[in-house]
Amino acid sequence: MKEKQLDFFKASYLDCRKEIQMRITQRDHFAIQEVVAICALLTIGFTSFDYALFAFLIMPIISVFYTIQILYSYSMHKRLHNFLKELESKIAELLDYQGDVDKLFWESNCETNKDKEHRNAVGKRKLFFSCAAFAVPIIGCLLFLYRGLNEKVLGNIAVIVIVAVACFLYLSVTTAIFLFARKGSKKNA
């Protein structure tokens, strides 16, 4: 019976490790896709065709979309990490291991080292993505205003209303993202 339990825990452990590796790769791909999309919109926004400046208002939408995906991936990664720590305890128990679990298993070791060193490298990348979610909407709206004022497009009241509503929505969404990331950090601390 002990052998079957150990095999089950090992299989679960390996599945969770693969899921974590997939999420790390996924976050990197999301970040690359976001940068490419923002750069493409910047390029389009500075072209000379009519309405090109509206590409700047799409930048925050792209940023918000990818930021939500990345932060959700971090949230799932943390849940998997916590689950793996529990599995490591169970595996150590089944193996009758009497030493420190953090010296034998990866997830427990990472948690212990993070606590000892008082730093969290993952948290810095997560903070970067959260800050980018705030910066891109501001930059997009400012670029829109800059081009709109230079080309006298913003004299139209409908355009001004569109920009005001877009800026308000972007600010609301980025605030919600920030609160989600902060709540997740406090819950997982």
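Nothing here was measured: the structure is a model prediction, and the numbers come from that model. (Residues numbered from 1 in each chain as written. Predicted model: local features only at pLDDT ≥ 70, side-chain atom pairs only at ≥ 80, totals over all residues. Heavy atoms only, no water.)

### Description of helix α2 (residues 55–94)
No. 1: For α2, which comprises 40 residues, the first-to-last C-alpha distance of 58 Å matches the rise-based estimate of 58 Å (1.5 Å per residue) to within 8%.
No. 2: Asp96 lies just past α2 and shows a positive phi near 60°. (Helix = DSSP H or I, 4+ residues; strand = E, 2+ residues; numbered from the N terminus. Expected span 1.5 Å × (residues − 1).)

### A few points about the packing of aromatic side chains
No. 1: Tallied over the full model, the rule gives 7 aromatic pairs.
No. 2: Each ring, one from Phe30 and one from Tyr66, has its centre 6.0 Å from the other, and the planes form 55°; the classification is tilted. Placement of the pair is Phe30 in helix α1 (residues 2–45) and Tyr66 in helix α2, with a sequence separation of 36 residues.
No. 3: On the basis of relative accessible area, Phe30 is assigned to the buried category, the value being 14%.
No. 4: The buried category is assigned to Tyr66, whose relative accessible area is 13%.
No. 5: Judged by centre distance (5.1 Å) and plane angle (70°), the rings of Phe46 and Phe56 are edge-to-face. Residue Phe46 is found in the loop between α1 and α2, and its partner Phe56 is found in helix α2; the two are separated by 10 residues along the sequence.
No. 6: Residue classification places Phe46 among the partly exposed positions, given a relative accessible area of 48%.
No. 7: A network of ring pairs unites the aromatic residues Phe30, Phe65 and Tyr66 as a single cluster.
No. 8: Stacked on the ring of Tyr74, the Lys or Arg Arg27 has its end atom at 3.9 Å from the ring centre. (Phe/Tyr/Trp six-rings, centres within 6.5 Å; stacked < 30°, edge-to-face > 60°. Buried < 20%, exposed > 50% of the residue type's maximum accessible area, 1.4 Å probe, protein only. Lys NZ or Arg CZ within 6 Å of the ring centre and 35° of its normal.)

### A short note on a nonpolar patch on the surface
No. 1: A grouping of Ile157, Ile160, Val161, Val165, Phe168 and Leu169 is seen on the molecular surface, where their side chains present a nonpolar patch of about 580 Å² in accessible area.
No. 2: Tracing the sequence through the fold places Leu169 in helix α5 (residues 157–188).
No. 3: For Leu169, a relative accessible area of 47% translates into the label partly exposed. (Patch = residues over 30% accessible without salt bridge, like charges linked within 9 Å, V, L, I, M, F, W, Y side chains within 5 Å. Areas by Shrake-Rupley, 256 points an atom, 1.4 Å probe, with all protein chains shown as cover. Salt bridge = Lys/Arg side-chain N within 4 Å of Asp/Glu carboxyl O.)

### Comments concerning the pattern of salt bridges
No. 1: In this structure the tally under the stated criterion is 2 salt bridges.
No. 2: Salt-bridge contacts for Lys2 lead to Asp96; the nearest nitrogen and oxygen are separated by 3.1 Å. Of the two residues, Lys2 is situated in helix α1 and Asp96 in the loop between α2 and α3 (106–117); the sequence distance between them amounts to 94 residues.
No. 3: Between Arg23 and Glu19 there is a salt bridge, with the nearest N and O atoms lying 3.0 Å from each other. Here Arg23 pairs with Glu19, and both are found in helix α1, just 4 residues apart, close to one helical turn.
No. 4: Exposure remark for Arg23: the relative accessible area of 11% places this residue in the buried category.

### What to know about the confidence of the model for the chain
No. 1: Model confidence for the chain is summarised by a mean pLDDT of 80, while 82% of its residues fall at 70 or above.
No. 2: Between the elements of the chain, mean pLDDT differs from a low of 64, seen in α3, to a high of 92, seen in α1. (pLDDT = per-residue confidence, 0-100.)

### Focus: the environment of Pro60
No. 1: Along the polypeptide, Pro60 turns up in helix α2.
No. 2: Counting along the chain gives 114 residues from Pro60 to Thr174, while the straight-line C-alpha distance between them is 9.1 Å.

### Notes on the side chain of Arg27
No. 1: Of note, Arg27 is situated in helix α1.
No. 2: For Arg27, which is buried and forms no salt bridge, the nearest opposite charge comes from Asp28, at a distance of 6.2 Å.
No. 3: Once residues lying within four places of it in the same chain are set aside, the contact partners of Arg27 are Ile70, Ser73, Tyr74 and His77. (Lys, Arg positive; Asp, Glu negative; His and termini not counted. Contact = heavy atoms within 4.5 Å.)

### Section: the nonpolar core
No. 1: With 15 residues, the main nonpolar core has Phe56, Leu57, Met59, Phe144, Val163 and Tyr170 as its most contacted residues.
No. 2: Mapped onto this core, the elements with two or more residues apiece are α1, α2, α4 (121–150) and α5.
No. 3: The next biggest cluster of nonpolar side chains, apart from the first, holds 12 residues, and it includes Leu6, Phe9, Cys16 and Leu94. (Core = buried A, V, L, I, M, F, W, Y, C linked by side-chain atoms within 4.5 Å.)

### Considerations on the environment of Gln98
No. 1: Structurally, Gln98 is set in the loop between α2 and α3.
No. 2: The class for Gln98 is exposed, based on a relative accessible area of 72%.
No. 3: Here Asp96 takes part through its backbone oxygen, which lies 3.3 Å from a polar atom of the side chain of Gln98. (Polar contact = N/O pair within 3.5 Å; in protein donor to acceptor, adjacent residues only side chain to side chain.)

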